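Residue-level structural notes
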Amino acid sequence: MAITWFPGHMNKAKREIGRALKQVDLVIEVLDARAPYASSNPILRRLKGDKACIKVLNKSDLADPSVTKEWISHFKARDNLRAISLDKEKTSQIKSLLVEGRKMLPAERNKDRPVVAMIVGVPNVGKSTLINILAGRSIAKTGNIPAVTQHQQRISIAKKMVLLDTPGILWPRISPPACGYRLAFTGAIKDNQFDFEELSLFAAEFLSSHYPQALTNRYKLKDIPDEPSALLHAIAAKRGCLGKGGIPDLNRVSEILIREFRQGKLGRITLEHPSDIPVKDVDET
Ligand code: GTP
């Protein structure tokens, strides 16, 4: 899927993150638990070096719990890295993140200096929500559209702890193409930057092969048609999205499928397994 959305503020954010990393002790990388590889930033992977890092598999209330477990075991095998699945209701676990983070810092670091923890992640993954819970007050603006946060800000949340909030960034070339679909499906890419019908064909194919029951339950289908386009047609018929002569309104049905997936109405679904990580990235991800 070709995505051309890389607004100026993301370019600036990328430069700022590179600069800020120099004074950062701990990186908290917020991933979407439904697509932990697609939502992990390849630029950050390169820039971060061996800094202590906590990967938060966020929005885990929407992800398939058994696959989330696989991802956590995958990340466990990495040095200087912790992984935890969270969602915004798990406030006490969110608050313990920083305690865990402190334990990961080198024993010889200057304890008089506040710990600087940088929060990074793709747009709309839940960074601001997490920061507000960590800070115990509403500091960062939240919203269910990508790129609400546009500037980096420093937030002192305790005597010796500073959070660095960063805008959600994407990267200029999203590959392999399936990663672009997964990011768009989960809501990390602005809706006007991709073709709804193309995305819903991807979604129909993926859901048919991995979560057929979610489709039959939600759309009251007897069985799943072989072709993704026939599946969209069947859903359109069930939802009254047929035009003249029974022709499906593909735009409307695509919008329904995408919205209902994002709202969790199809159930808890994960779009990728650790085995989907391309070989070239396995050691780094
Ligand atoms: P940008 O400013 O675009 O970078 O977004 P962000 O990463 O700061 O995301 P934000 O905190 O604004 O959250 C985006 C949307 O996701 C909001 O509607 C939140 O309520 C929702 N959200 C955040 N965390 C969770 C979660 O754990 N589960 C679910 N289901 N929704 C969440």
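All of these numbers come straight from a predicted model, not from anything done at the bench. (Residues numbered from 1 in each chain as written. Predicted model: local features only at pLDDT ≥ 70, side-chain atom pairs only at ≥ 80, totals over all residues. Heavy atoms only, no water.)

**Brief notes about the sheet that holds strand 6 (residues 161-165)**
Strands in a sheet are paired, the pairing made by backbone hydrogen bonds, and the direction either parallel or antiparallel. Quick reminder of the rule: At least two DSSP bridges between two strands are required for those strands to pair. Helix and strand definitions here come from DSSP, where helices need a minimum of 4 consecutive H or I residues and strands a minimum of 2 consecutive E residues; each element is numbered from the N-terminal end. In this analysis an axis means a line fitted to C-alpha atoms, helices contributing only their contacting stretch, and an angle means the value between N-to-C directions, from 0 to 180 degrees.
Read across the open sheet, the six strands follow the order 3-2-1-4-6-5; overall the sheet is mixed. Looking at which strands have only one partner, the edges of the open sheet turn out to be strand 3 (81-85) and strand 5 (153-158). For this sheet the average axis-to-axis angle between neighbouring strands, irrespective of direction, equals 25°. Across five bridges, the pairing between strand 4 (residues 115-121) and strand 6 is parallel. Pairing of Ile119 across the sheet is with Asp165, part of strand 6.

**Side note on the side chain of Asp32**
Using the following cut-off: When a residue's accessible area, from a 1.4 Å probe over protein chains only, is under 20% of the maximum for its type it is buried; when over 50% it is exposed; and in between it is partly exposed. Contact definition: two residues touch when any of their heavy atoms are within 4.5 Å.
Structurally, Asp32 is set in strand 1 (residues 26-32). Looking at Asp32, the relative accessible area reads 4%, which means it is buried. With sequence-adjacent residues up to four places away left out, Asp32 is seen in contact with Ser39, Asn58, Lys59, Val125 and Thr186.

**Examining the pattern of salt bridges**
Which entries qualify depends on this criterion: Salt-bridge detection follows one rule: a side-chain nitrogen of Lys or Arg within 4 Å of a carboxyl oxygen of Asp or Glu.
Under the counting rule described, the total for this entry stands at eleven salt bridges. We note a salt bridge from Arg113 to Asp25, for which the minimum N-O separation is 2.8 Å. Here Arg113, found in the loop between helix 5 (97-103) and strand 4, pairs with Asp25, found in the loop between helix 1 (8-20) and strand 1; they are 88 residues apart in sequence, far enough to count as distant. Taking relative accessible area as the criterion, Arg113 reaches 36% and is therefore assigned partly exposed. Residue classification places Asp25 among the buried positions, given a relative accessible area of 12%. In this structure, Arg34 and Asp32 form a salt bridge, with 2.7 Å as the shortest nitrogen-oxygen distance. Here the salt bridges do not stand alone but share partners, grouping Asp25, Arg109 and Arg113 into one network.

**So, the side chain of Ser60**
In plain terms, the rule: Nitrogen and oxygen atoms within 3.5 Å of one another constitute a polar contact, given that in protein one can donate a hydrogen and the other can accept it, and given that sequence-neighbouring residues count only through two side-chain atoms.
Residue placement: Ser60 occurs in the loop between strand 2 (52-58) and helix 3 (65-76). There is a polar contact of 2.9 Å between the side chain of Ser60 and the backbone oxygen of Leu86. Every residue in contact with Ser60, bar those within four places of it in the chain, is listed here: Ala33, Ser85, Leu86, Asp87, Lys90 and Arg268.

**Digging into a positive patch on the surface**
This is how the line gets drawn: Patch members must show over 30% relative accessible area and no salt bridge, and they are joined within 9 Å when carrying like charges or within 5 Å when they are nonpolar side chains of Val, Leu, Ile, Met, Phe, Trp or Tyr. Residue exposure ignores everything except the shown protein chains as possible cover, and the areas themselves are Shrake-Rupley values with a 1.4 Å probe. Positive charges come from Lys and Arg, negative ones from Asp and Glu, while His and the chain ends are left out of the count. Taken as the charge centre is NZ of Lys, CZ of Arg, CG of Asp or CD of Glu, depending on the residue.
Together, Lys14, Arg15, Arg19, Lys22 and Arg46 make up a positively charged patch on the protein surface. If one sorts the elements of the positive patch by residue count, helix 1 sits on top with three residues. Judged by its relative accessible area of 70%, Lys22 falls in the exposed class.

**Brief notes about the environment of Ser40**
Relative to the elements of secondary structure, Ser40 occurs in the loop between strand 1 and helix 2 (42-47). With eleven residues separating them in the primary sequence, Ser40 and Glu29 have C-alpha atoms 7.9 Å apart.

**Examining helix 6 (residues 127-135)**
Taking burial as the measure, the nine residues of helix 6 include eight buried ones, the bulk of the element. Taken together, the buried positions of helix 6 are occupied by Lys127, Ser128, Leu130, Ile131, Asn132, Ile133, Leu134 and Ala135. Buried residues belonging to helix 6 abut strand 1, helix 4 (91-95), helix 5, strand 4, strand 5 and strand 6. Following helix 6 by one or two positions, Gly136 has its phi on the positive side, about 75°.

**Comments concerning the packing of helix 7 (residues 177-186) against helix 8 (residues 196-210)**
Put simply, the rule is: Geometric relationships in this document are graded by angle, where less than 35 degrees denotes roughly parallel, more than 145 denotes roughly antiparallel, 65 to 115 denotes roughly perpendicular, and other angles denote oblique. Three categories are distinguished: nonpolar for Ala, Val, Leu, Ile, Met, Phe, Trp, Tyr, Cys and Pro, charged for Asp, Glu, Lys and Arg, and polar for the others, with Gly belonging to the last.
Between helix 7 and helix 8, the least distance of the axes is 10 Å, while the angle of their chain directions is 100°. The angle between helix 7 and helix 8 falls in the class roughly perpendicular. Across the interface between the two elements, Ala178, Tyr181, Arg182, Ala184 and Phe185 from helix 7 touch Glu198, Leu199, Phe202, Ala203 and Leu207 from helix 8. Considered class by class, the residues forming the contact of helix 7 with helix 8 number eight nonpolar, no polar and two charged.

**Focus: the pairing of strand 6**
Of all five residues in strand 6, five are buried; the element is thus mostly enclosed. In strand 6, alternate side chains face the same way, and those of Met161, Leu163 and Asp165 on one face and Val162 and Leu164 on the other are all buried. Pairing of strand 5 with strand 6 involves five bridges; the strand directions are antiparallel. What sits directly across from Ile155, in strand 6, is Leu163. Hairpin remark: strand 5 followed by strand 6, antiparallel, with two residues in the connecting loop.

**Brief notes about the nonpolar core**
Rules: Only buried residues count toward a nonpolar core. Its members are Ala, Val, Leu, Ile, Met, Phe, Trp, Tyr and Cys residues joined through side-chain atoms within 4.5 Å. An automatic or database domain assignment supplies the residue ranges for each domain.
With 86 residues, the main nonpolar core has Ile28, Leu163, Leu207, Leu257, Leu266 and Ile269 as its most contacted residues. Sort the elements by how many residues they give to this core and helix 8 lands first, with seven residues. Two domains each donate at least three residues to this core, and these are domain 1 (8-172) and domain 2 (195-262). When near neighbours in sequence (up to four residues on either side) are disregarded, Leu163 contacts Leu98, Ala117, Ile119, Ile131, Leu134, Gln153, Arg154, Ile155 and Ile157.

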